[in-house]
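Letter by letter, the chains look like this.
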Amino acid sequence: MSAAADSPRVAGVVGAPVGHSLSPLIHRTWAERARLPFHYVPIEVDGGEPGFARAIEGLRMAGFKGVNVTLPFKEEALRLADGASEAARAIGAANMLTFNKDDIHADNSDALGFCEGVKSSLPDTARRALVLGAGGSARAILYALLSLIGIDDVVIVNRTASRANALAAEFAGAKSAAWDSRETAAGEADVIVNTTSIGMARDGVAGGETPLTLEHVRPLTVVCDIVYAPLKTPLLRNAKAKGLPAVDGLEMLMRQAAPGFRAWSGGQAVVDADLRAACEAALNARRAS
Ligand code: NDP
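For clarity, every value in this text was computed on a predicted model and none was experimentally measured.

J.: Explain unusual backbone geometry here, please?
T.: Phi is mostly negative for residues that are not glycine, and the peptide bonds are mostly trans. In this structure, the amide linkage connecting Ala-16 to the following residue, Pro-17, adopts the cis form with an omega of 5°. Position of Pro-17 among the secondary structure elements: in the loop between strand S1 (9-15) and helix H2 (23-34). Cis geometry marks the peptide bond from Leu-71 to Pro-72; its omega dihedral reads 5°. As for its placement among the helices and strands, Pro-72 is situated in the loop between strand S3 (66-69) and helix H4 (74-80). Here the phi dihedral of Arg-35 falls at roughly 50°; this positive angle occurs in a residue that is not glycine. With respect to the helices and strands, Arg-35 occurs in the loop between H2 and strand S2 (38-44). Of note in this structure, Leu-214 is not a glycine but carries a positive phi near 65°. One can find Leu-214 in the loop between strand S10 (191-194) and strand S11 (222-225).

As structure tokens, then:
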């Protein structure tokens, strides 16, 4: 093997803030398993979009293989790339930038991460989905449901109706309904996905709210919450109490990291119980501190 092939590869996650990100832990776990000389660092950027663009150029010049991008720069990441995957273009945001010799390529692995995390729980007969929320992550979930999983009927409900209407107009197969109709809509869904921040812990205080009571839900409806802090959100506790299949936000989070690790380190990225345990321990430690 040549010296160049042996030299450490470096990637990272860029955002503001990034201190909470579990991505460094996930990438480090995979790098240690594969004994690869791969380093993955959190990079907090200030200075808004110009600051982000300068940081990306600097990281590229410094020899980084690529970066994950998190809030609030996912849309800007897509804009500054030279080319983009179909997923990133359809979602309108990128969480992955790969630095090639002559260009920057944008991708979005959030949708794939969600799809991979939910597919073993989802029966082939699933046809109808309910999506709660119309923020940034809802776009990736809509793409996953409609284009990757093949659900053909998605209802979006959101507190601010105009945002649900706008998303429904953009994604074929999606329609919007009133936020107040969500309990009834849940009764007609095969899969429910919470993409709102309801239930999320804030400033270390566990979120006590649930966006749904699930009182009308049918027995085999799959309930997903992409919120991962806390891991057992009130919605998922509710689903478990009713004996419904439930998928938490960590399943998506771990799997969205895999395409970046494969692309930038050249190694294998396996999501398993040990990785999950490491992430859970980090989340628990954060809650306790
Ligand atoms: P956004 O800020 O873009 O959207 C927030 C959404 O929550 C909006 O639809 C907003 O409605 C709704 N909302 C917030 N508060 C309330 C409330 N009190 N009542 C009703 N609706 C409310 O956030 P994101 O989409 O980026 O993220 C949402 C959640 O998803 C976060 O908890 C984030 O951590 C998680 N996430 C998880 C990922 C994973 O890999 N598991 C990946 C990405 C995000 P309105 O439009 O009316 O304001």
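J.: For this particular structure, what's the right way to read the pairing of S2?
T.: Residues in a regular strand point their side chains to alternate faces of the sheet. By the bridge criterion, seven bridges tie S1 to S2 in an arrangement that is parallel. Note that in S2 the partner of Ala-11 across the bridge is Tyr-40. Once you follow S1 into H2 and on to S2, the crossover reads as right-handed.

Basis of the calculations
- Residues numbered from 1 in each chain as written.
- Predicted model: local features only at pLDDT ≥ 70, side-chain atom pairs only at ≥ 80, totals over all residues.
- Heavy atoms only, no water.
- Helix = DSSP H or I, 4+ residues; strand = E, 2+ residues; numbered from the N terminus.
- Pairing = 2+ DSSP bridges.
- Right-handed = clockwise from strand over helix to strand, strands pointing away.

Any functional reading would require information beyond the geometric quantities listed.
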